[in-house]
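The lines below spell out each chain.
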Amino acid sequence: MNLQGKTVLITGGAVRIGAVVAMKLAETGCRVIVHYGKSAAEAKKLLSVLPGGGHRIIQADLANEDEVKNLCRQAGTFELLVNSAAIFHRPDSPEDLAAAELYHKINFLAPKLLLEYFFSQNIPGGAAVNITDCFALLPGSGAYYQSKRDLNELTQKLAPAWAKRNFRINAVAPGPMIPPPWAPESRMEKILKSVPLARQVSPDDLAELVRFVLACDSMTGALIPLDSGVSAAGKNENNR
């Protein structure tokens, strides 16, 4: 698919990974719709520097189903979708323990509703990328990782049916990349000691992979780890 001139909706597109993806796709020639939740100032700033024209920002609380549906109505027609928005809290914190329902709503249900709207459009085809998590490719527990596993499973479930109408859907599963605000640098340093390549994943690498996956007409139903070797090492360890 030639991405030039295509409209892309990016959830969580105002900050962190989403903002890097938004910039990459704008540079590619896409018209970008940046969704944001609470990051209004960041969204406006990003909108002012995105190259090209026709870009927009839309606010919505992805934990509210009605607001997700309103986001779809405001976005209108778009040929590309990147589900980047996600919520996560400090592991084992009170917020994390109480957030299971929010993980499900924001990390899984909202992307599912957006995908349903995306596929319902009267257009000849399109491409979607779900950004999940490399640790969701490995065994483990926790509501956050379950929400990302559910999104991985949905990706592969939808792909065959979507293919009949020339819609493609894939998932990219990044590894350690941008530390959350509550994580000290020492925590990332500790994590990287167990990472095969011993380096953080580059946000630019992720954005380039998302661009490639959206454009690649031969790819659908794929779960692609971009994790400096984390998931491969974990699977080998579990098979011993």
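Residues numbered from 1 in each chain as written. Predicted model: local features only at pLDDT ≥ 70, side-chain atom pairs only at ≥ 80, totals over all residues. Heavy atoms only, no water.

A. Summary view of the overall build of the protein chain. In terms of regular secondary structure, the protein chain is built from nine helices and seven strands. Taking 18 Å as the expected radius of gyration for a compact globule of 240 residues, we find that the protein chain reaches 17 Å, a close match to that expectation. With respect to the three principal axes, the spread of C-alpha positions in the protein chain is 50 × 40 × 30 Å. For the protein chain, with 240 residues in total, the buried portion stands at 48%. When the accessible surface of the protein chain is totalled, it reaches about 11,500 Å², and 52% of it is carbon and sulfur. Averaging the coordinates of the 26 positive side-chain charges in the protein chain and doing the same for the 23 negative ones gives two points 4 Å apart. (Helix = DSSP H or I, 4+ residues; strand = E, 2+ residues; numbered from the N terminus. Rg over C-alpha atoms; globule rule 2.2 N^0.38 Å. Buried < 20%, exposed > 50% of the residue type's maximum accessible area, 1.4 Å probe, protein only. Areas by Shrake-Rupley, 256 points an atom, 1.4 Å probe, with all protein chains shown as cover. Lys, Arg positive; Asp, Glu negative; His and termini not counted. Charge placed at Lys NZ, Arg CZ, Asp CG, Glu CD.)

B. Examining the state of the cysteines more closely. Within the structure shown, the criterion is met by zero disulfides. The structure places no disulfide on C72, whose sulfur is separated from the nearest cysteine sulfur, that of C30, by 19 Å. (Disulfide = S-S within 2.5 Å.)

C. View of the side chain of R168. You can see R168 is positioned in strand β6 (residues 167-174). Polar contacts involving the side chain of R168 include one to the main-chain carbonyl oxygen of M219, which spans 3.3 Å. Leaving out residues up to four positions away in the same chain, R168 has contacts with M1, G126, A127, A128, W162, V213, L214, A215, C216, D217, M219 and T220. (Polar contact = N/O pair within 3.5 Å; in protein donor to acceptor, adjacent residues only side chain to side chain. Contact = heavy atoms within 4.5 Å.)

D. Structural context of the nonpolar core. If you look at the biggest cluster of nonpolar residues, it comprises 35 residues, and the most contacted ones within it are L25, V32, V82 and L214. Counting only elements with at least two residues in this core, the list comes to β1 (7-11), α1 (16-28), β2 (31-36), α2 (40-49), β4 (80-83), β5 (126-131) and α8 (203-215). Looking at which element gives the most residues to this core, the answer is α8, with seven residues. Discounting residues that sit within four places of it in the chain, V32 has contacts with V8, I10, A22, L25, A26, L50, H55 and R56. One finds L113, L114, L115 and L154 within the second-largest nonpolar core, a separate group that totals 32 residues. (Core = buried A, V, L, I, M, F, W, Y, C linked by side-chain atoms within 4.5 Å.)

E. View of the sheet that holds strand β3 (residues 56-59). Spatial ordering of the open sheet is given by β3-β2-β1-β4-β5-β6-β7, a layout of seven strands whose pairing is parallel. Edge positions in the open sheet fall to β3 and β7 (223-226), since each of these has one partner strand only. Direction aside, neighbouring strands of the sheet carry axes that sit 20° apart on average. Bridge analysis of β1 against β4 gives four bridges, and the strand direction is parallel. Across the sheet, residue T11 finds its bridge partner in β4, namely N83. Contacting β1, β4, β5 and β6, helix α5 (residues 100-120) runs over the sheet at an angle of about 175° to β4. (Pairing = 2+ DSSP bridges. Axes fitted to C-alpha atoms, helices over the stretch in contact; angles between N-to-C directions.)

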